[in-house]
Amino acid sequence: MGAFVPKGPYATVVPTGEHDAPHPDLAEAVARGHVPLLTVGTATSFGDLNATVADQDTPEMRAMHIAWKVQGGALPPVVLLGLTSANQSIMAALEAAGLVGIDPAARGILAFPLYAFPSDVGARITARLPVL
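Quantities reported herein were computed from a predicted structural model and do not represent experimental measurements.

A. Broad picture of the pairing of strand β3 (residues 78-83). Within β3, six of the six residues are buried, which leaves the element mostly enclosed by the surrounding structure. Burial of the side chains of β3 extends over both faces: V78, L80 and G82 are buried on one face and V79, L81 and L83 on the other. Judged from the six bridges that link them, β3 and strand β4 (residues 108-113) form a sheet pairing that is parallel. By the bridge assignment, L83 is partnered in β4 with P113. In the classification by handedness, the crossover that spans β3, the intervening helix α3 (residues 90-96) and the parallel β4 is right-handed.

As C-alpha cells, this is what we get:
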C-alpha cells in the first residue's frame, strides 16, 4: 500500500568443504527469493553480499548481478561457478569447468547451486559461468 517492504539479504553465503557433497536442498531458499552461494571455508570475505536488497528482486537478477560484479572486479578476486547437482563438490565443479589447479585456499570460490533454481533460470545463469 505504498509502504516500504523490507527484503532479505542480497545473497546468503553457505560455507562448505571443497570435497563436500551432497549439499543441502536449497530450492526452498531460492523459491523464497534468496540466492545461496556455496564457498569453501569461511564466508567472512564476502560479507558485503549480506547487504539489504535495493533492487534485483528475483534470484535470477541477483545472480546475474553478482556475476557482473565479479567480472567487473567489484568483489574480492573469486572464481564464480555453478554446481549442477547437490552431489557435485566444488572441486568437481572446478574440474568440470576446466579450472584444474585453482587452490581454494589461495583464491575465493563462490558456487551457485544451479540445481536449486528452476531449470530455465539455471540455464541462463550457466551461460554466464564460470567467471574468473
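B. Local environment of helix α2 (residues 59-71). In this model α2 runs 18 Å from its N-terminal to its C-terminal C-alpha over 13 residues, within 8% of the 18 Å that 1.5 Å per residue would give. Along α2, the residues that are buried comprise P59, E60, R62, A63, M64, I66, A67 and V70. In this structure, the buried residues of α2 make contact with α1 (27-31), β2 (36-40), β3, β4 and α4 (119-126). G73, located one to two residues past α2, shows a positive phi value of around 80 degrees.

About the criteria used
Residues numbered from 1 in each chain as written. Predicted model: local features only at pLDDT ≥ 70, side-chain atom pairs only at ≥ 80, totals over all residues. Heavy atoms only, no water. Buried < 20%, exposed > 50% of the residue type's maximum accessible area, 1.4 Å probe, protein only. Helix = DSSP H or I, 4+ residues; strand = E, 2+ residues; numbered from the N terminus. Pairing = 2+ DSSP bridges. Right-handed = clockwise from strand over helix to strand, strands pointing away. Expected span 1.5 Å × (residues − 1). Contact = heavy atoms within 4.5 Å.

Distances and angles like these do not, on their own, reveal function.
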